[in-house]
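Here are the chains, one letter per residue:
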Amino acid sequence: MKYISVAVDGPAGAGKSSVSKAVAKSLGYTYIDTGAMYRAVALFAINNGIDAKNETEKLVSRLNEVEIDIKYTDEGQQIYLLGENVSKRIREEDVSVGASNVAVIPEVRKKLVELQRKMAESANVIMDGRDICSYVLPNADVKIFLTASAESRAKRRYDELCEKGIECDFEKIKADMEYRDKNDSQRAVAPLKKADDAILIDTTEYDFDGAVKLVKDLILEKT
Ligand code: C5P
């Protein structure tokens, strides 16, 4: 059976995950958050005292120990690292910055991309990340590049963390986001960039429901 795949790329805080999650729920697709996988690897580094930026070889030599499991519950996608549910912990700022650092390591990308492609083989999926349209699922049925202004992305991330009860500081989030934007767009391997055949959606002027409708209508039109 041929399953439908929808690829969504874009910078941090553009609303990729919340929009993709809502669209997946409404269409009965499986939502796959690839950023959470990079975050889990970053958390593995933090938990083991490995500085992912300066001790790349050390992290690579222990990559075979990194076991990531994804389970779907009523509360959505849950990420397990070595059997522990880390879904909340991986949203904290130290892990966000760490994820951007581990994401430049080719061996990390190889391991996670294999897992992502395998997941897309057995269900209708909406997968979001940075390199999904161009690299992970180049034959996706629908390709979307979701973005928004830097200021509104930082504000959304701030509101999201506050809502989850995670302590945060707006200026720090904005600075971390700028660091990640730069790191993600300028890296040699799989840089963040709109694929030529992806449809650009700028959500700066849309509220959440408006963005969900836009993406859902596009998928229904294309599949
Ligand atoms: O999407 P999210 O903010 O959770 O991603 C965390 C980090 O993981 C990003 O800043 C990016 O460096 C990396 N990432 C990536 N490729 C993906 C998904 C995320 O490089 N497909």
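Residues numbered from 1 in each chain as written. Predicted model: local features only at pLDDT ≥ 70, side-chain atom pairs only at ≥ 80, totals over all residues. Heavy atoms only, no water.

Peer 1: Can you help me understand the pattern of salt bridges in this one?
Peer 2: Opposite charge on two side chains allows them to pair when their charged atoms are near. Counted by the stated rule, this structure contains 17 salt bridges. Where Glu92 meets Arg89, a salt bridge forms, and the shortest distance between an N and an O atom there is 3.3 Å. The class of Glu92 is partly exposed, set by a relative accessible area of 30%. Its salt-bridge partner being Asp197, residue Lys143 comes within 3.0 Å of it at the nearest N-O pair. Of this pair, Lys143 sits in strand β7 (residues 142–147) while Asp197 sits in the loop between α8 (170–186) and β8 (199–202), and the two are 54 residues apart along the sequence. The class of Lys143 is buried, set by a relative accessible area of 8%. Here the salt bridges do not stand alone but share partners, grouping Arg89, Glu92 and Asp94 into one network. (Salt bridge = Lys/Arg side-chain N within 4 Å of Asp/Glu carboxyl O. Buried < 20%, exposed > 50% of the residue type's maximum accessible area, 1.4 Å probe, protein only. Helix = DSSP H or I, 4+ residues; strand = E, 2+ residues; numbered from the N terminus.)

Peer 1: Can you help me understand the sheet that holds strand β6 (residues 125–129) in this one?
Peer 2: Here five strands make up an open sheet; going across it, the order is β2-β6-β1-β7-β8 and the pairing parallel. The strands lining the two open edges of the sheet, one partner per strand, are β2 (30–33) and β8. Averaged over all adjacent pairs, the angle separating strand axes in this sheet is 20°, with direction ignored. Relative to β8, β7 is paired through four bridges, and the arrangement is parallel. Along β8, the bridge assignment pairs Phe145 with Leu200. Along the sheet face, helix α1 (residues 16–27) touches β1 (5–9), β2, β6 and β7 and points at about 180° away from the line of β6. Against the sheet, helix α2 (residues 34–47) contacts β2 and β6, and its axis sits at roughly 40° relative to β2. (Pairing = 2+ DSSP bridges. Axes fitted to C-alpha atoms, helices over the stretch in contact; angles between N-to-C directions. Contact = heavy atoms within 4.5 Å.)

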